[in-house]
Amino acid sequence: MLEARDLYKSFGKIAAVRGVSFTARDGQITGLLGPNGAGKSTTLRMLYTVLKPEAGDAFIDGTSVTADPLAARKAIGVLSHGAGVYNNLTARENIAYFGELHGLTRTDREARAAELIEMLDMQSFADRRAKGFSQGQKLKTALARALVHRPRNVLLDEPTNGLDVMAVRNLRKLLGQLRDAGHCVLFSSHVMQEVEQLCDEVVVINDGQVVAAGPLAEIRARAGNSQLEDAFVSLMHGNDAGSGAPK
Amino acid sequence: MNLRGIWAVFRKEFRENLRDRRTLLSALVFGPVISPILVAGLVQFTISHAETQSDENISVSVSHAQNAPNLVDYLTARGVDVVKVNFDEAAARAAVAKQTHKIILEIPADFGARLQQGQPAPVVLYSDSSRGFERRGARRVRALVSNYGIEIAQLRFLARGVDPISVLPISVQEIDVSTPTGRSVLVLNMMTYLVLLSMLLGGLYLAIDATAGERERGSLEVLLTSPVPRQNLIYGKIAAAGSYMLISLVLTVTMFSVAMSFVGLEQLGITANLGPAAAMQLIACCAPVILFGSAYLTIISAFAKTYREAQTYLQLVITIPTLPLIFAGMLGLQPKLGLMFVPFLSQHLLMTTVVRAEEIVPLHMVVSVVSTLVYGAVLTYIAGRLYRREALLG
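Summarised in this report is the structure supplied together with it.

## A few points about the overall build of chain A
Secondary structure assignment for chain A yields 10 helices and 10 strands. Taking 247 residues into account, the globule formula puts the C-alpha radius of gyration at 18 Å, and chain A, at 18 Å, falls close to it. Summarising its shape, the C-alpha atoms of chain A cover approximately 50 × 40 × 35 Å along the three principal directions. Every one of the 247 residues in chain A was classed for burial, and the buried ones make up 49%.

Dropping the structure here:
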């Protein structure tokens, strides 16, 4: 379970996140929805301990990210924006490296890498160097890397960026599997359809603040719109609708 | 102290860069192979150049040779190829400037007459002193002509019944006390400089790739979410860069040892101590500075946002530690206790001592090793602090 409690973060004079609170439960997929620059990535980065909140705190299964970031990191798997992998390592080596960083023994991490390669259907490229990988192959490698230590919580920052339709479908299927296995999945996106198709819960962020949070149906009802896109636009008060509307 | 993850990061960086052509070329080829061959080639060239200088006949164009047939015979007898020409002053200047004639000895028309009257008889020597080779030739011609003059003077004294020896009250005997090894200072300065530079180059690309490169590729963020203390990540990277520097150092010294054995250094009057035992000592002198160098390069590249930016910084920055060596060369610094506290300079001085086959003062070695390691540890600690900062993500 992930819990953000009144998070604040600014960069210089720009207040990126201003009091964000929400909860993402186990066995659910929670979507962090918002236009570009709304503070989604900054919020995620505080949750996965790369940025320190200026005020407020976040809890991973009850562990504070500010008090004990090392312990918090053990319980999360992260797919960062851009999903950078090491080009001169094979997919398998990329996965095993993170297994090692998470303290898995050699036999453990090799077995786990093999398991993930099977699960994500990566056999055809698992032992090739990542240099020539397609976006989809890179994403699978990065995802396997995030899951290598069997984290209870999985955080993904704009995971569908740059993926083709088939890869998006695969990812959707996989996130569904993770939810069914009882994981807490939190991902950010600015694409309506994705959120609509995947999420159980939605947290809408605009201008560094939560403007709506709850089950999908509830959000639609609250905005008085049956379409999420329309609900989204009305939640933005029309102010940022131009930049936030999906393409 | 929590050492978690250092070993994992070290192994991964080591392995990944082993597959990177740019890193490999700079660590294993550029420094270690090219610089020893360059120096050996340069030394070999100097040797063959020096040999030809004393043996080869020099060619001198004598203008109006008919005015001084005896002088011309005297020069010819002493290995000067005389080319007879007829130039006035302007033509002579032009010929030397154009290098159609390199050295011209002009004999004026009244040369014989003045000689006969016992008056100073002038000759004019044209040469271009900006050309090292001709300068030596001109010096030789000048020496020969004045020797000819001395012989004439001695004959005149003899003819007047004076012992010619009595007009040579002082005779200067030159004794060159520079030992053969001492003379090799220039070559050695260049060699130690290249050993240190090549060592730094060996870790350069790994340092960039592991910091700025990692950030640019977008893998840094995920790396920072692993349950490893942030400073340990950078310690592992510094260790990996250091291991490439060590490989580069060992290879460079070995290659110098091999390449120099093919060069006839004795002919230059140099006996350099570069056998296997000396090579081991050289490596031992240099190895402590690796921690310093690797932490230094890592810190600089950790400041850069992109690979390219880091590369730009480092190309400049890599020469800074070697600046004291250039001063040492210019000032002719000798090993002193105080200088042993200066990283890179102390290594240079110790290496020079080894190559000159002189004894290293044990205290010097101890001070150099300990102080350099302390600086390296401080820099590594600073690198660790830097990696704990948030701004690292850019």
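## What about unusual backbone geometry?
All names here are of chain A. With a phi close to 55 degrees, D121 is a non-glycine residue in the positive phi region. One can find D121 in the loop between α4 (106–119) and α5 (135–147). Look at R150: it is not a glycine, yet its phi comes out positive at around 50 degrees. Structurally, the position occupied by R150 is in the loop between α5 and β7 (153–157).

## Description of the interface of chain B and chain A
Opposite the 19 residues of chain B that make contact, chain A presents 25 residues. Contributing elements (two or more residues each) for the side of chain B that touches chain A: α1 (6–18) and α8 (220–223) of chain B. Per element, the largest residue contribution to the side of chain B that touches chain A is three residues, and it comes from α1(B). Class assignment of the residues belonging to the side of chain B that touches chain A gives a composition of seven nonpolar, five polar and seven charged.

## Considerations on the sheet that holds strand β4 (residues 124–126) of chain B
Residue and element names in this part refer to chain B. In space, the four strands of this open sheet follow the order β2-β1-β3-β4, with mixed pairing throughout. The open sheet has two free edges, formed respectively by β2 (80–85) and β4, since each of these has just one partner strand. Mean inter-strand twist for the sheet, computed between neighbouring axes without regard to direction, equals 25 degrees. Pairing analysis gives three bridges linking strand β1 (residues 58–63) to strand β3 (residues 104–106), with the strands arranged parallel. Bridge pairing in β3 links V62 to L105. Packed on one face of the sheet, helix α4 (residues 89–98) meets β1, β3 and β4 and runs near 170 degrees to β3.

## Observations regarding helix α3 (residues 91–101) of chain A
Buried residues dominate α3(A), accounting for 11 of its 11 residues. Along α3(A), the positions that sit buried rather than exposed are A:A91, A:R92, A:E93, A:N94, A:I95, A:A96, A:Y97, A:F98, A:G99, A:E100 and A:L101. Looking at the packing, one finds that the buried side of α3(A) touches α4 and α5 of chain A together with α1 of chain B. Following α3(A) by one or two positions, A:G103 has its phi on the positive side, about 85 degrees.

## Comments concerning the environment of B:R93
All names here are of chain B. By the secondary structure assignment, R93 is in helix α4. What makes R93 partly exposed here is the crowd of 13 C-beta atoms within 10 Å. Spatially, the C-alpha atoms of R93 and D128 are 9.5 Å apart, while their sequence positions differ by 35 residues.

## Here we look at the sheet that holds strand β1 (residues 2–11) of chain A
Residues and elements named next belong to chain A. Spatially, four strands are ordered β2-β1-β4-β5 in an open sheet, and the strand pairing comes out antiparallel. Of all the strands in the sheet, just β2 (14–24) and β5 (63–64) have a single pairing partner and so form its edges. Where β1 and β2 come together, eight bridges link them in antiparallel fashion. Residue pairing in the sheet places L2 in a bridge with A24 of β2.

## Quick word on the nonpolar core
Counting residues in each nonpolar core, the largest one holds 149 residues, and the members touching the most others are A:L47, A:A144, A:L155, A:V204, B:V195, B:A241 and B:C286. The dominant element in this core, judged by the number of residues it contributes, is helix α7 (residues 185–217) of chain B, at 17 residues. Excluding its chain neighbours within four sequence positions, the residues that come into contact with A:V204 are A:L33, A:G34, A:V210, A:V211, A:A212, A:A213, A:I219, A:F232 and A:L235. Residues B:I103, B:I104, B:L105 and B:I107 belong to the second largest nonpolar core, which totals 16 residues.

## Focus on the packing of α3(A) against α4(A)
Between two packed helices, what matters for the description is the angle formed by their axes and the separation of those axes. Residue and element names in this part refer to chain A. Their axes nearest at 9 Å, the elements α3 and α4 cross at an angle of 135 degrees. By the angle class used here, α3 and α4 are oblique. Where α3 crosses over α4, the two elements pack in a sense that is right-handed. Of α4, the residues touching α3 (which contributes R92, I95, A96, G99 and E100) are D108, R109, E110, R112, A113, L116 and I117.

About the cut-offs
Residues numbered from 1 in each chain as written. Chains lettered and ligands numbered in written order. Predicted model: local features only at pLDDT ≥ 70, side-chain atom pairs only at ≥ 80, totals over all residues. Helix = DSSP H or I, 4+ residues; strand = E, 2+ residues; numbered from the N terminus. Rg over C-alpha atoms; globule rule 2.2 N^0.38 Å. Buried ≥ 20, exposed ≤ 12 C-beta atoms within 10 Å, placed from the backbone. Contact = placed C-beta atoms within 7 Å. Nonpolar A, V, L, I, M, F, W, Y, C, P; charged D, E, K, R; others polar. Pairing = 2+ DSSP bridges. Axes fitted to C-alpha atoms, helices over the stretch in contact; angles between N-to-C directions. Core = buried A, V, L, I, M, F, W, Y, C linked by C-beta atoms within 7 Å. Parallel < 35°, antiparallel > 145°, perpendicular 65-115°, else oblique. Left-handed = near helix turned anticlockwise from the far one by under 90°.

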